[in-house]
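The chain contents come next:
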Amino acid sequence: MSTIETERRGNVARIWLNRPKQHNAQNEEMIYALDAAFAEATADDDVRVIVLAGRGRSFSSGHDLSRTVGGTSEADIAELRKTTEGRLHHERTSYFDKCLAIRNCPKPTIAQVHGHCIAAGLMLACMCDLIIAGESAKFSNPVVRMGAIGVEVFVEPWEVGVRKAKEMLFLGDVLTAEDAKHLGLANRVYPDEDLDREVDHLAERISKLPPMAARLTKESFNATLQTMGQLASWHSHFMIHQVGHATDEYQQIISPANTGDLKAFLERRDAAH
Ligand code: ZN
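Here we take up a negative patch on the surface. On the surface, a cluster of negative charge is made up of E135, E178, D179, D192 and E193. Elements that contribute at least two residues to the negative patch include exactly α8 (177–183) and α9 (192–207). Tracing the sequence through the fold places E178 in helix α8. For E178, a relative accessible area of 48% puts it in the partly exposed group.

Shown next, in the form of structure tokens:
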């Protein structure tokens, strides 16, 4: 089964995260397939809008931790991540650069979010221009509980403001779809059963814009964020995040002895809070 599925609906490309049993936890295969799917949709002149959605019960539960802390499902990556240098290289090429490629996609993008949208799932959704949520959507980033300094791209201060972002990271609590809309993280909320149709409708409307005007409008938004220092902030966060991974504190928390049983580890992590 492919980790990514693509579909065309008129001038809209739909990209589906497709590891439903794992709540679309992002493994290496999925990250690279997603990158290729975005590149293909970007190169296709008939595609005017790109929708990113998740198969199954969730948008994405984040990076697939079973390969980065606990297990060895992608053994070469686990091996690479054993050194600070290897982890930095992996996170820059697979996480940071791949996310920014989506953020910099020249066509309008929509994240269609339902169910879990956790940590790197939230990071991924935030790379899109609009976030349209189903009522079941639950947004959170609880990784500070496990010693990590947020995720690789520091989206929260830019999405919900610094005060609320601090609350999100220090407490790790879940934001409901309505919370997310109230904070401006989600644009709109629809019942889950209507979500697909409503997103199609919005995407179709955007697809009717003169394509160069849509592109240049997006470029101007990205340039505005750039002028506000977003990229410099993200680069500095990325390096602080790497220091976090290299600390003895983090290394002890994610040691095989502590994370060998990943489910029990995550339960312990969340029970303490
Ligand atoms: Zn990391």
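Now for the sheet that holds strand β5 (residues 116–118). Ordered in space as β5-β7-β8, the three strands form an open sheet in which the pairing is mixed. Pairing within the sheet leaves two strands with one partner each, and these edge strands are β5 and β8 (175–176). Pairing analysis gives three bridges linking β5 to strand β7 (residues 138–140), with the strands arranged parallel. Across the sheet, I118 pairs through a bridge with S140, a residue of β7.

Of the strand pairs in this sheet, strand β1 (residues 4–9) and strand β2 (residues 12–17) are connected by six bridges, and their pairing is antiparallel. Opposite R8, over in β2, you have A13 as the bridge partner. Between the antiparallel neighbours β1 and β2 lie two residues, among them G10 with a positive phi of about 65 degrees.

Let us look at the packing of aromatic side chains. A complete count under the given rule lists one aromatic pair for this structure. Plain terms: the ring middles of F96 and F238 are 5.1 Å apart, the flat faces sit at 55 degrees to each other, and that makes the pair tilted. Residue F96 is located in helix α4 (residues 84–103), and its partner F238 is located in helix α11 (residues 230–246); the two are separated by 142 residues in the primary sequence. Taking the relative accessible area as the measure of exposure, F96 reaches 2% and is therefore buried. Between R55 and the ring centre of W16, over which it is positioned, the NZ or CZ distance is 4.0 Å.

To continue, consider α11. An ideal rise of 1.5 Å per residue puts 24 Å on 17 residues; α11 measures up with 24 Å between its terminal C-alpha atoms. Those residues of α11 not exposed but buried are Q230, W234, H237, F238, H241, Q242, G244 and H245. Taken down its axis, α11 places every buried residue within 150 degrees of arc, on the same side. Facing away from the buried side of α11 by over 90 degrees, the exposed positions are A232 and V243. Here the buried face of α11 lies against α4, α6 (156–160), α10 (211–227) and α12 (248–253).

Rules used in this analysis
Residues numbered from 1 in each chain as written. Predicted model: local features only at pLDDT ≥ 70, side-chain atom pairs only at ≥ 80, totals over all residues. Heavy atoms only, no water. Patch = residues over 30% accessible without salt bridge, like charges linked within 9 Å, V, L, I, M, F, W, Y side chains within 5 Å. Areas by Shrake-Rupley, 256 points an atom, 1.4 Å probe, with all protein chains shown as cover. Salt bridge = Lys/Arg side-chain N within 4 Å of Asp/Glu carboxyl O. Lys, Arg positive; Asp, Glu negative; His and termini not counted. Charge placed at Lys NZ, Arg CZ, Asp CG, Glu CD. Helix = DSSP H or I, 4+ residues; strand = E, 2+ residues; numbered from the N terminus. Buried < 20%, exposed > 50% of the residue type's maximum accessible area, 1.4 Å probe, protein only. Pairing = 2+ DSSP bridges. Phe/Tyr/Trp six-rings, centres within 6.5 Å; stacked < 30°, edge-to-face > 60°. Lys NZ or Arg CZ within 6 Å of the ring centre and 35° of its normal. Expected span 1.5 Å × (residues − 1). Arc of directions from axis to C-beta. Contact = heavy atoms within 4.5 Å.

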